[in-house]
Amino acid sequence: MPAALASTSSWTARWRQRAFRHAPADLDPVVLRHSRIYILPTRRGLAFLATLAIMLVTSLNYALSLGFVVTFLLAGLVGSALLHTFRNLAGIELRPLAAGEAFAGSVLPFTVAIAGGATARRAVSLAARGARVTMDVPAGAALPALLDVPTSRRGRIALGRVTLSSDYPLGLWRGWAYVHFPLTGVVYPAPELNAPPLPPGSAGDDAQTSARGDDADLAGLRTYQDGDPLQRVAWKAVARGAGWYTKQFDGAGGGGPAVLAWRSLPGAMSAEGKLARLVAWVLAAERAARPFTLSAPGIALPAGQGRDHRRAALTALALVSAPD
Amino acid sequence: MAAAATVDSLRWRRPRVATRPALAPTQVRWLGALLIAAQLPLLSFVPIWVAGFGAMQVALRFFLLHRDRLRPGAVPARIPTWALALFAVAAGLAIRQSFGYFIGRDPSVAFLFVLIGIKFLETRTARDGTLLVCLAGFLVVTPFFYNQSVLAAAAAVPALVLVGAALQVLALPGDEPDFVRWRVPIARSAKLLAQGIPLAAILFLLFPRLAGPLWGLPSDHMGKSGLSDRMALGTISELSLSDSVAFRVDFTSLVPAPAQRYWRGPVLTRFDGREWTAAPRTPAGEFARIAARPVAYTVTLEPHYKPWLFALDLPAALPRVATDAGDEERAAPIAGLTRDQQLVALAPVTQPLRYEQLSILSSAYPPGNDEEAAAEIADSRRLPRGNPRTQALASELRLRYPDDAAFVRAVLQRFHDEPYVYTLSPDALYPRDPVDGFLFESRRGFCEHYASAFVVLLRAAGIPARIVTGYQGGEMNPNGGYMIVRQSDAHAWAEALVGGQWRRYDPTAAVAPSRIEGGIGRALPADDHVPLLARLDGSWIKGLQLAWDAVNHDWRRHVIGFNYEQQRSLWRNWEIDRFAPWQMVALASAFVLAWVGALLAWLVWRRRREDRALALWKALCGRLARAGLPRQPHEGPLAYAARAAARWPEFAVAFDVIGDAYAVLRYGPAAGRDDRQRERAAALARLARAVDVLPAAGALRTLPVPA
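This is a predicted model, so every value here is computed, not measured. (Residues numbered from 1 in each chain as written. Chains lettered and ligands numbered in written order. Predicted model: local features only at pLDDT ≥ 70, side-chain atom pairs only at ≥ 80, totals over all residues.)

All names here are of chain B. Spatially, the three strands line up as an open sheet ordered β7-β11-β10, and their pairing is antiparallel. Every other strand in the sheet has two partners, leaving β7 (308-309) and β10 (335-337) as the edge strands with one partner each. In this structure, β10 lies alongside strand β11 (residues 343-345), joined through three bridges in antiparallel fashion. Its bridge partner being in β11, A335 is matched across the sheet by A345. (Pairing = 2+ DSSP bridges. Helix = DSSP H or I, 4+ residues; strand = E, 2+ residues; numbered from the N terminus.)

Have a look at this one:
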């Protein structure tokens, strides 16, 4: 009966998703309820329960009424610790906030907002992909929890399943819950170290406002627009309260946007090496506040500059599917 | 996008911590506090050197911690592991030497006591901490082997609270332990324990007890005070030095007069010239049929690790287990009656036992007339060689008094007339012919001297006689209306077959009649060492002691005495005794679930209460909105309150308080820190009061807008 089989497997799949949250199906915000929270004794809890068992057998054998009293009082302690562990997690609200950016080899910060509602939450740990953060959440507060996921390769990286856990108050029970947000970040290729200087611009046929910051003269100020590089903000004007302006320079340098092209790189270089070089150049151009164009397999970015342009370029480089 | 896919499928493993993090000094200090609390109640039950050794190690660790604190940055002081192992082995050997054996309860307790100190010295990681908490938890139970009084229970409380506190401190992450205030873990642990009490109570009542031990109890109890089935001269006087309680009696009928309080114990028939022993095998007997009104009472017997039960002379029925609930069903018999009218339990009394007993106050009973009776009588005539002067005295007296009763009277008269002294400190007697030595030379003796001399004289004259040991006397406690019988009431008297009946004779009464009427405190010379309580008649110390004993009696009956039988009877009372095991488990689970539900509901209710600030604020915002001043989405409580105060200057103070209190509650320090609780409660009260002050929305709207 293939049909029955299929329905069984879908049932198990649903059950597995419900139990283990393998798929990133959680839409924000997630409030932890009893159906999501698991609790099992920790190692310390098991050791303590074993001690209680020994105490119980001793009390039974020697008919020690007070032995029973002590054993059962400690059992009551273990029991109420269980409930407190549960309560410490129940009702916690999680929502995905942001995925940061990172170069391969460094850490990619994901931010998840955690709110405890009206009760303070103690010693709550969030863990995902090797990142781990433990925090107290005061009553009524919503805090960002920063998960620094270590990276090794460029590409898109999903936060994956977040395990939220706590062994508060006695460390005898560990309660945990899985939350799986569809939160992904982009890991840029690591920039090449000591990369050669930027290639020259494409002969300043276009009178675009551009300049290399260091050996250029200040030409004037224009109103700040979103995306203007921070290095070129007229901070003194901002500090005076005169408003936001962006400094404009009269360029001596290579003139025109730098052309960063995959094709111009030596063919002997590996694909990843070329990407690293291009990333280093993007960063250099950005540092120099110089517009650039970028072309690579599957990428053709027109000339531009600023935060968004830089991000677009780096993201495109991160997601280049292995050429050659 | 293949590369992206492979990156996405990368799985990260949680990094393994290679070296376990060391415990913070604060955590070690908490563990030390737990150890001290667990060791203290045991101090008087372990050999003094064990107590000193164990306590010294804890002190040493504290000293090292202190030294580390004085020299920050230096390598923490450590005792090498091999030295600790050496300590442990040495302690084990010394304990073996001191107790004479190692596998047993008491040496194990002593070894655990020392071991836990050694473990504390080398405790470094959280795992060591766990082990230490578990060992200390077990150590809390061990003093109850020796003493289960109210005080012993109270002494265990600090250790219990500290178990919870130490677990909390161990569970704290990272560097936090240094900032914990000592009150916080204590308070939280006490709270958790208190919340667990219902669960503990359910388990205490429903967890099935055993009728007997799982494994044989070690022979640690030999030589504990109490009557034994052998008596040499000096055994009972030694016992009389003890103040400890043998049993307590609640009378349901009239309390017998002091002279009738003979509590029958082991009957000693065999005599080897020096020592009296019970007949090795005593056949089952029958109750004497005596028409008299029986005395009814309940005995709470302290465990004495011997099989016999005590009853007033003569027992009239088999003892039955007493229960607080008057259940009709008779429990299975717990003891049998021997020919010599002794009650012998089926198993040694290893836990406090309460039994109901009937007695007829009679000092004589018929011997029966079967073969066994004849053998018994023959046994009671047997006298080994020796003690020639006593034998000669008997023959001489016998010539003068051929009648048995007259002979006995003459012997008693002799004890009374001759200068015999009743004393707890008799002179040492030659092991050869001790009865001669006592009767003719020292003439100073305690009850066992008189009883054995009496029986030897009678046997020498051919009259069957034997020694009966037990207790004589008992003191009524006015605080509880019950009688206390102490070890110092231990007594030996005699029984002789005179006139076709076994009759009770107490030669001690002939020497010191006040012993029988008023206890040994009255009867002994003032310079004799008597247990304090036997002599402090009428003083306030005695009164205090009796009041305290009444508390202990109740404690024994209801808490310590809650054993297999008590539990069964309680179950019978609740009509759950016929439940199958699964029904019992279901019942217990239902109770536990009820507890879980109640506790969770309470915790949620408390959370609701926390939410009260938010509810008040929302209601206020709604009211002000209806009054024409809605809160702007970007406005915080302070800004909104300021705007409202500008609109309604009449209530500026109230708005000021509201904004401030709500800001404290919403954005102030967390409630979790227990020391902040009070602050937050005060803020909540201020907020509620200030909101109360404000008029309704309609009234607010009509107030004029200030210029």
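Right, let's get into the nonpolar core. In this structure, L34(B), A136(B) and A166(B) are the most contacted members of the largest nonpolar core, which totals 140 residues. The greatest single-element share of this core, amounting to 15 residues, is contributed by helix α3 (residues 65-89) of chain A. With sequence-adjacent residues up to four places away left out, A136(B) is seen in contact with L34(B), L35(B), A38(B), I116(B), A159(B) and V163(B). The next biggest cluster of nonpolar side chains, apart from the first, holds 86 residues, and it includes L233(B), A246(B), F446(B) and Y505(B). (Core = buried A, V, L, I, M, F, W, Y, C linked by C-beta atoms within 7 Å. Buried ≥ 20, exposed ≤ 12 C-beta atoms within 10 Å, placed from the backbone. Contact = placed C-beta atoms within 7 Å.)

With 19 residues, helix α4 (residues 81-99) of chain B should reach 27 Å at 1.5 Å per residue; the first-to-last C-alpha distance of 27 Å fits that figure. Phi turns positive one or two residues past the end of α4(B), at G100(B), with a value near 90°. (Expected span 1.5 Å × (residues − 1).)

Once that is clear, we can look at the confidence of the model for chain B. Here chain B averages 82 in pLDDT, while 87% of its residues score no lower than 70. Predicted complex, confidence summary: ipTM 0.79, pTM 0.70. (pLDDT = per-residue confidence, 0-100.)

Here the focus is the environment of L337(B). Position of L337(B) among the secondary structure elements: in strand β10. With 50 residues separating them in the primary sequence, L337(B) and F287(B) have C-alpha atoms 7.8 Å apart.

What follows concerns the packing of helix α13 (residues 434-442) of chain B against helix α14 (residues 447-460) of chain B. Residue and element names in this part refer to chain B. Contact geometry for α13 and α14: axes closest at 10 Å, N-to-C directions at 105°. In terms of orientation, α13 lies roughly perpendicular with respect to α14. Contacts from V435, F438 and L439 in α13 reach H449, S452, A453 and V456 in α14. In terms of residue class, the contact of α13 with α14 is built from five nonpolar, two polar and no charged. (Axes fitted to C-alpha atoms, helices over the stretch in contact; angles between N-to-C directions. Parallel < 35°, antiparallel > 145°, perpendicular 65-115°, else oblique. Nonpolar A, V, L, I, M, F, W, Y, C, P; charged D, E, K, R; others polar.)

Here P291(A) is to be found in the loop between α5 (271-287) and β16 (292-296). Separated by 19 residues in sequence, P291(A) and R310(A) have C-alpha atoms that sit 9.6 Å apart.

Taken together, the contacts link 62 residues of chain B with 59 residues of chain A. Those elements that provide at least two residues to the side of chain B that touches chain A are α1 (2-8), α6 (126-141), α7 (150-171), α8 (183-206), α19 (540-560) and α21 (581-610) of chain B. Partitioned by chemical class, the residues of the side of chain B that touches chain A number 43 nonpolar, eleven polar and eight charged.

The subject of this paragraph is the packing of α4(B) against helix α5 (residues 105-121) of chain B. Angle between the axes and distance between the axes are the two parameters that describe a pair of packed helices. All names here are of chain B. Following both chains from N to C, one finds α4 and α5 inclined at 165°, their axes separated by 10 Å at the closest point. Taken together, the axis directions place α4 and α5 in an arrangement best described as roughly antiparallel. By crossing handedness, the relation of α4 to α5 is classed as right-handed. Judged by residue contacts, L84, F87, A88, A91, G92, I95 and F99 of α4 engage D106, P107, A110, F111, V114, L115, I118 and L121 from α5. (Left-handed = near helix turned anticlockwise from the far one by under 90°.)

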